[in-house]
Amino acid sequence: SLGNHEHAIATFNECLVLKNRSDPDGTPMVLTNLSISLIEIGLLKEADSILAEVSRYFEESGSIDRVWIQASINRSDLLLRLHKDTVGFYREIGQLREIIKTGFPESVDLMTTASLMEIRTLRSQSRLREAMEITAASLASISLTKAFKTDVFDLPVDFQTTMSDEYIKLMDMRSSLL
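For clarity, every value in this text was computed on a predicted model and none was experimentally measured.

Conventions used here
- Residues numbered from 1 in each chain as written.
- Predicted model: local features only at pLDDT ≥ 70, side-chain atom pairs only at ≥ 80, totals over all residues.
- Heavy atoms only, no water.
- Helix = DSSP H or I, 4+ residues; strand = E, 2+ residues; numbered from the N terminus.
- Buried < 20%, exposed > 50% of the residue type's maximum accessible area, 1.4 Å probe, protein only.
- Contact = heavy atoms within 4.5 Å.
- 1 Å grid on protein atoms, 1.4 Å probe; cavity = no way out; pocket = protein on both sides within 12 Å on 5 of 7 lines; lining within 4 Å.
- Points joined across faces, edges and corners; volume = space filled by probe spheres on them.
- Nonpolar A, V, L, I, M, F, W, Y, C, P; charged D, E, K, R; others polar.
- Salt bridge = Lys/Arg side-chain N within 4 Å of Asp/Glu carboxyl O.
- Axes fitted to C-alpha atoms, helices over the stretch in contact; angles between N-to-C directions.
- Parallel < 35°, antiparallel > 145°, perpendicular 65-115°, else oblique.
- Left-handed = near helix turned anticlockwise from the far one by under 90°.
- Core = buried A, V, L, I, M, F, W, Y, C linked by side-chain atoms within 4.5 Å.
- Expected span 1.5 Å × (residues − 1).
- Arc of directions from axis to C-beta.

A. Geometry of the overall build of the protein chain. Looking only at helices and strands, the protein chain features 8 helices and 0 strands. In the protein chain, the succession of α and β elements from N to C terminus is α-α-α-α-α-α-α-α. Expressed as a percentage of the 178 residues in the protein chain, the buried residues total 40%. Within the protein chain, contacts between residues at least 6 apart in sequence are counted, and of these 57% link residues at least 24 apart.

B. Molecular detail of the layout of surface pockets. Estimated volume of the largest pocket: approximately 590 Å³. Residue lining of the largest pocket: 25 residues in total, with Ile 36, Gln 70, Ile 73, Asn 74 and Thr 113 positioned closest to the centre. Among the elements of the structure, α2 (27-40), α4 (66-81), α6 (108-124) and α8 (157-177) are those that each provide at least two residues to the lining of the largest pocket. In terms of residues, the lining of the largest pocket owes the most to one element, α6, which gives 9 residues. Residue composition of the lining of the largest pocket, grouped by class: 9 nonpolar, 8 polar and 8 charged.

C. Highlighting the pattern of salt bridges. Applying the stated criterion across every chain yields a total of 5 salt bridges. A salt bridge links Arg 81 to Asp 77; the nearest nitrogen and oxygen atoms lie 2.9 Å apart. On the criterion of helical spacing, the pair formed by Arg 81 and Asp 77 is a turn pair, its members being 4 residues apart in helix α4. A salt bridge links Arg 91 to Glu 92, with the nearest nitrogen and oxygen atoms 3.7 Å apart. What makes Glu 92 partly exposed here is its relative accessible area of 28%.

D. Representation of the packing of helix α1 (residues 5-22) against α2. Between α1 and α2, whose axes approach to 9 Å, the crossing angle comes to 160°. By the angle between their axes, α1 is roughly antiparallel relative to α2. Between α1 and α2 the crossing geometry is left-handed. Taking contact as the criterion, the partners of His 5, Ala 8, Ile 9, Phe 12, Asn 13, Cys 15, Leu 16, Lys 19 and Asn 20 in α1 are, on α2, Thr 27, Val 30, Leu 31, Asn 33, Leu 34, Ser 37, Leu 38 and Glu 40. Its residues assigned to classes, the contact of α1 with α2 shows 9 nonpolar, 6 polar and 2 charged.

E. Here's a closer look at the nonpolar core. Of all hydrophobic cores here, the largest spans 26 residues; its most connected members are Ile 69, Ile 73, Phe 89, Ile 93, Ile 100, Ile 119 and Leu 170. Sorting the residues of this core by element identifies α4, α5 (86-103), α6, α7 (128-144) and α8 as the ones contributing at least two each. Top element by residues in this core is α6. It accounts for 8 residues. Residue contacts for Ile 119: discarding those within four places in its chain leaves Ala 131, Ile 134, Thr 135, Leu 170, Met 173 and Leu 177. In this structure, Ile 9, Phe 12, Leu 38 and Ala 71 belong to the second largest nonpolar core, which totals 18 residues.

F. Examining α1 more closely. In a regular helix each residue adds 1.5 Å, so 18 residues correspond to 26 Å; α1 covers 25 Å between its end C-alpha atoms and thus fits that length. Within the sequence span of α1, burial applies to Ala 8, Ile 9, Phe 12 and Leu 16. For α1, the angular spread of the buried residues around the axis is 95°, confining them to a single face. Turned more than 90 degrees away from the buried face of α1, the exposed residues are Glu 14, Leu 18, Arg 21 and Ser 22.

Quick look at the structure:
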């Protein structure tokens, strides 16, 4: 069930055994998702170790895809939470937002995840103007998506869940900044 990270960790570990046997190239996705649960329950060093393994895979393969982006977002989160490297966090998350914007514009969920992480950090540092600017830009980006109309919330079924969820998350953040 949603939010049950201990159960998710056990399930991801079972998936790893199966993936290693049948589809080793799918292992980074499972490891990346496992790292999310580890981060959520505060096992930051364990998540860092797993993400280092994922990074090695992508360095060797030379590919960049959604899994690489999510793993990189998770590593940025650890720069802040585990390593207390605020400068590194802002550098990495800014680069990721640019990569998503230029190379994966359809990945609104990843852009929202990265943006919200940066917005929350800015807010925690009382940098509200910058947080609002990123919030406004993120909302505008979603609004420009072909299938999204903010005035009537008229979305095709395949965009409805992701797009409306991302929009609502950003609007909630905007409200908290006002």
